Amino acid sequence: MFNGGMATTSTEIELPDVEPAAFLALLKFLYSDEVQIGPETVMTTLYTAKKYAVPALEAHCVEFLKKNLRADNAFMLLTQVRGGGAGPGATGEGRATRPGARAPERVRVRRGRAKAWGVGEGGTR
């Protein structure tokens, strides 16, 4: 992205298919080896770990799912797998169309730091 023959000249790289909470979990894991996932973020974190080839974090997510899969949350996880919470198209497109729903957030990476912006809150900086 930033180095090599195909490096971009832009100071920012947008990651439109990565949720901010999942990206933060990925960064924390890479820098500290600490896993911070919960029922709301496990699927997006799993997608992010697979996308960026971090098998250790991927294994933690799968283990979390194995330990926490119960009858009362299976439907929520199934909904996320089928397009509500993991992977491209699950980062807000379609979810924020309900009246009063929050706008989807985006992850942009600047050289040396990452920041999550909600659409309309500086998304064009």
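Enquirer: Hey, could you run me through the overall build of the protein chain in this one?
Expert: The secondary structure content of the protein chain amounts to four helices and three strands. Secondary structure of the protein chain in N-to-C order comes out as β-α-α-α-α-β-β. Taking all 125 residues of the protein chain together, the buried fraction comes to 34%. Considering only intrachain contacts with a sequence separation of at least 6, the fraction spanning at least 24 residues in the protein chain is 52%. Summing over all exposed atoms, the protein chain offers an accessible surface of approximately 8,000 Å²; the carbon and sulfur share of this is 56%.

Enquirer: Just to check I follow, could you spell out the side chain of Thr48 for this structure?
Expert: Here Thr48 lies in helix H2 (residues 42–51). The class of Thr48 is buried, set by a relative accessible area of 1%. Apart from the residues within four sequence positions on either side, Thr48 is in contact with Val18, Ala22 and Leu26.

Enquirer: Help me out: how do you make sense of unusual backbone geometry in this one?
Expert: Glycine aside, the phi torsion of most residues is negative, and most peptide linkages are trans. Even without glycine at this site, Asp33 takes up a positive phi of about 65 degrees. Its place among the elements puts Asp33 in the loop between helix H1 (20–32) and H2. Of note, Ala53 is a non-glycine position whose phi angle comes to about 55 degrees, a positive value. Within the secondary structure, Ala53 sits in the loop between H2 and helix H3 (55–68).

Calculation rules
- Residues numbered from 1 in each chain as written.
- Predicted model: local features only at pLDDT ≥ 70, side-chain atom pairs only at ≥ 80, totals over all residues.
- Heavy atoms only, no water.
- Helix = DSSP H or I, 4+ residues; strand = E, 2+ residues; numbered from the N terminus.
- Buried < 20%, exposed > 50% of the residue type's maximum accessible area, 1.4 Å probe, protein only.
- Contact = heavy atoms within 4.5 Å.
- Areas by Shrake-Rupley, 256 points an atom, 1.4 Å probe, with all protein chains shown as cover.

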